[in-house]
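# Notes for the structure review
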Amino acid sequence: MTDWGTHLRTMRANAPLVQNITNFVAMNVMANVMLAAGASPAMVHDAGEAGEFAGIAQALTLNIGTLSPDWLRGMEAAAQVAHDRGSPWVLDPVAVGATAMRRDAGARLLALKPSVIRGNASEILALAGTAAAGKGADAADSVDAAEGAARDLARLTGGVVAVTGAQDFVTDGARAFRVGNGHPMMPRITVMGCSLTGIVAAFAVGQDTLRATVGALAYYGLAGERAGVQAQGPGSFQVAFLDALHALTPEDVSAGAQVMQA
Amino acid sequence: MTDWGTHLRTMRANAPLVQNITNFVAMNVMANVMLAAGASPAMVHDAGEAGEFAGIAQALTLNIGTLSPDWLRGMEAAAQVAHDRGSPWVLDPVAVGATAMRRDAGARLLALKPSVIRGNASEILALAGTAAAGKGADAADSVDAAEGAARDLARLTGGVVAVTGAQDFVTDGARAFRVGNGHPMMPRITVMGCSLTGIVAAFAVGQDTLRATVGALAYYGLAGERAGVQAQGPGSFQVAFLDALHALTPEDVSAGAQVMQA
Amino acid sequence: MTDWGTHLRTMRANAPLVQNITNFVAMNVMANVMLAAGASPAMVHDAGEAGEFAGIAQALTLNIGTLSPDWLRGMEAAAQVAHDRGSPWVLDPVAVGATAMRRDAGARLLALKPSVIRGNASEILALAGTAAAGKGADAADSVDAAEGAARDLARLTGGVVAVTGAQDFVTDGARAFRVGNGHPMMPRITVMGCSLTGIVAAFAVGQDTLRATVGALAYYGLAGERAGVQAQGPGSFQVAFLDALHALTPEDVSAGAQVMQA
């Protein structure tokens, strides 16, 4: 039996500095999620310093949620440095199928070989379509429907792809896992996925990318389960979720992880 | 007796996709408020995609709280599309009287005929002044003092104007209502008004604009009343407020709405 | 025995309008912290209006956390107006040693003579180095190690420098105080320092800058202590902290302030 809690233990020992170029909605919550988990987030986005800072940080996340051309320049500069240094970087392709600007950004960032892509099923389908033929994606696809696209993207980038939803699917193109942890309240709260992207990046530092991603998803979903027990609604859920991210131990994760090989 | 809860029921059945070009302070809370209520928010602001996205969204909100020329370009592009498609769009003229840049932006956005304008009394007075003679406004006007300006603006735009405060005033230039729901803690928490603007837009989709706006204000104020019972201060108020937005039913709104014709 | 609570009483009586050009992570929390304390925050950053608004506001804060050239232009315009009017302005030099762009911004803003500089030890060391020889700074310096740099910066600007950490050090170059209030959970929550910068600015309006800064730090740390008693983790800490900022009285501050001359 795999000890999935070990990835949380290693992440906390590393306490990695993670640079995040993310959207305006996610900034504060993502930083608090990462601090509660034990990582060290930094939001540095401008093209005038994003690449320089990527030379200091141990990992990088890019999120196109509130995209603009200026921010895309900073993202490309930072991803190039992360790619060249071999530090892990995670792409969060928010609503990548929705507009021409997003499809173009998705294709450009994909070319910089993200170590991990984390998105919902529609985003993974759209991104795979972008790579192949520039297509968009429907809004509400199931995780199952995106498994083929996830494997294709993983083979294309040489990295890991995580499709998150009620049950998550994680693959490096060859191996694959399903993660069943989580709570139905999570989609009713904004930037839960964006914040998870930061957790995945922190876990990826110095660890096997595929297994660390699975460990990150199990930990995050377990915190959601624990919060769900205490919450009266989406307000109290957010409070209890941060408390749970902070309180959960590696042993809790090992005991509670619902992971299957796929 | 009017069944004001019916507007919440219809909004939840629609679960409308609402595009918001709002200020940096409001982004996260506004998204969570709209999700808790049952709507689907999206923050898409750049001029390179804001108009395209407005062709997908069912409603639009514009908020000039942290204005810049780049963002104003995105706002104008999106409002033009919403106007041309006939989808509802709501203007939130934050501090419109404070600087020349804001007065100019207010006048430009007013020309695009917002379906609803939601502001405090000083903002509505300033915006009406902008339209007439470029004047600013005092900082702390009462809702009563802005009723004439609200009627004038409504006739000018052909839309609805909501002046919010201790007691709200809503008019389409001919008919008018007062809404008495709310709690004294609400002004001590930032972006409560900005977030309400998103709720108004969600309610306006597929419903009579005037009555839907009144229904949205009653629902929002009732959530504040419920939160006020539980809160120890502005921190716990915010938590309880999101929980209340999620928990309130159409029947609760019908029973608790304090609405009078004016 | 000094009555440190008097500065909170005066700030609440003033309820000052404070303009903040801060980072995207801090915006919402900083506004709520300032409202909970009794101040009136406004986030106005664009170079097209930042200087004009600085002519209305009673104090100003600048924070380089998510810096860009456009925002730096707004900061310089606003600081110039504050300097010329003699209204207090507070610099928060986030990670000023991390990149060339930040070191340059730090030097430019320092030249505009901030009334107060509030940073952690590494930032104060880096900023002093910037002024002298363009050096960066280590990431995790102790407050003690930055006392000399703080005195140097205070003499250079003619203002006050506050180095915050487990125990804070505040000096105007001649006099100095240490403030012992606070809670170990505070560094595990993002933008606690950024938000404190707004509190310092609000306290500085119409009060002796050095003593008002000390009073602000004691009040803020006491709110942290009170929150720490109730919190289960960083989520519930944030909620209890806002409630405590709102609930604390001048008498509470006078009774609980841990201040020593240094």
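Residues numbered from 1 in each chain as written. Chains lettered and ligands numbered in written order. Predicted model: local features only at pLDDT ≥ 70, side-chain atom pairs only at ≥ 80, totals over all residues. Heavy atoms only, no water.

### Remarks on the relation of the copies chain B and chain A
Superposing chain B onto chain A requires a rotation of 120° together with a translation of 0.0 Å along the rotation axis, leaving an RMSD of 0.0 Å. The superposition operator between the copies reduces to a three-fold rotation axis. Across chain B, the rotation axis passes nearest the C-alpha of Phe24(B), at a separation of 3.8 Å. Of all interface residues in chain B, a mere 9% are interface residues in chain A too; the two copies therefore contact each other through different surfaces. (Least-squares fit on C-alpha atoms with pLDDT ≥ 70 in both. Contact = heavy atoms within 4.5 Å.)

### Considering the nonpolar core
Core analysis: the biggest nonpolar cluster contains 290 residues, and Ile199(A), Phe241(A), Ile199(B), Phe241(B), Ile199(C) and Phe241(C) have the highest contact counts within it. Not counting chain neighbours up to four residues away, the residues in contact with Phe241(B) comprise Val33(B), Met186(B), Met192(B), Tyr220(B), Ala223(B), Gly224(B) and Ala227(B). (Core = buried A, V, L, I, M, F, W, Y, C linked by side-chain atoms within 4.5 Å. Buried < 20%, exposed > 50% of the residue type's maximum accessible area, 1.4 Å probe, protein only.)

### Details of the sheet that holds strand β7 (residues 168-171) of chain B
Residues and elements named next belong to chain B. The nine strands lie next to each other as β2-β1-β3-β4-β5-β6-β7-β8-β9, forming an open sheet whose pairing is mixed. Looking along the sheet, the strands with just one partner apiece sit at the ends: β2 (40-42) and β9 (259-261). Ignoring strand direction, the axes of neighbouring strands in this sheet form an average angle of 20°. With four bridges connecting them, strand β1 (residues 17-21) and strand β3 (residues 59-63) associate as parallel partners. By the bridge assignment, Ile 21 is partnered in β3 with Leu 62. (Pairing = 2+ DSSP bridges. Helix = DSSP H or I, 4+ residues; strand = E, 2+ residues; numbered from the N terminus. Axes fitted to C-alpha atoms, helices over the stretch in contact; angles between N-to-C directions.)

### Thoughts on the interface of chain C and chain A
With 27 residues of chain C at the interface, the matching set in chain A holds 23 residues. Between chain C and chain A the total buried area reaches about 1900 Å² when both faces are included, carbon and sulfur atoms providing 58% of it. Inspection of the region where chain C meets chain A yields one salt bridge. Linking Arg102(C) and Glu49(A) is a salt bridge whose minimum nitrogen-to-oxygen distance equals 2.7 Å. Those elements giving two or more residues to the side of chain C that touches chain A turn out to be α5 (100-110) and α10 (234-247) of chain C. (Buried area = accessible area lost by both parts, 1.4 Å probe. Salt bridge = Lys/Arg side-chain N within 4 Å of Asp/Glu carboxyl O.)

### Considerations on the pattern of salt bridges
Residue and element names in this part refer to chain A. For the structure on display, the rule yields 30 salt bridges over all chains. In this structure, the salt-bridge partner of Glu 76 is Arg 108, at a minimum N-O distance of 2.9 Å. Here Glu 76 is found in helix α4 (residues 69-85), whereas its partner Arg 108 is found in helix α5 (residues 100-110), with 32 residues between them in sequence. For Arg 108, a relative accessible area of 39% corresponds to the partly exposed category.

### What to know about the packing of helix α2 (residues 27-37) of chain B against helix α10 (residues 234-247) of chain B
Residues and elements named next belong to chain B. Running from amino to carboxyl end, α2 crosses α10 at an angle of 30°, the nearest separation of the two axes being 7 Å. Taken together, the axis directions place α2 and α10 in an arrangement best described as roughly parallel. Along the contact surface, α2 presents Asn 32, Val 33, Ala 36 and Ala 37, while α10 presents Phe 241, Leu 242, Leu 245 and His 246. A class-by-class count of the residues in the contact of α2 with α10 yields six nonpolar, two polar and no charged. (Parallel < 35°, antiparallel > 145°, perpendicular 65-115°, else oblique. Nonpolar A, V, L, I, M, F, W, Y, C, P; charged D, E, K, R; others polar.)

### So, the UniProt feature "binding site: substrate" (unreviewed entry) in chain A
Taking the UniProt record as the reference, the feature "binding site: substrate" (unreviewed entry) is found at Met43(A). With respect to the element layout, Met43(A) can be found in the loop between β2 (40-42) and α3 (50-54). Given the relative accessible area of 7%, Met43(A) is considered buried. Apart from the residues lying within four places of it in its own chain, the contact partners of Met43(A) are Asn20(A), Thr22(A), Met27(A), Met30(A), Ala31(A), Val25(C), Gly65(C), Thr66(C) and Arg102(C). (UniProt positions renumbered as here; feature names shortened; annotations may be inferred.)

### As for empty space enclosed by the protein
One water molecule sets the probe size; rolling that probe over the atoms shows where empty space is left. Considering all chains together, one arrives at two cavities of 30 Å³ or more under this definition. Of all the secondary-structure elements, those providing two or more residues to the lining of the largest cavity are α2 (27-37) and α10 (234-247) of chain A, α2 and α10 of chain B together with α2 (27-37) and α10 of chain C. When the residues that make up the lining of the largest cavity are grouped by side-chain class, the tally is 33 nonpolar, 15 polar and no charged. Within this model, the second largest cavity holds a volume of roughly 30 Å³. Taken together, Thr22(B), Asn23(B), Asn63(B), Ile64(B), Gly65(B), Thr66(B), Leu67(B), Trp71(B) and Met75(B) make up the lining of the second largest cavity. (1 Å grid on protein atoms, 1.4 Å probe; cavity = no way out; pocket = protein on both sides within 12 Å on 5 of 7 lines; lining within 4 Å. Points joined across faces, edges and corners; volume = space filled by probe spheres on them.)

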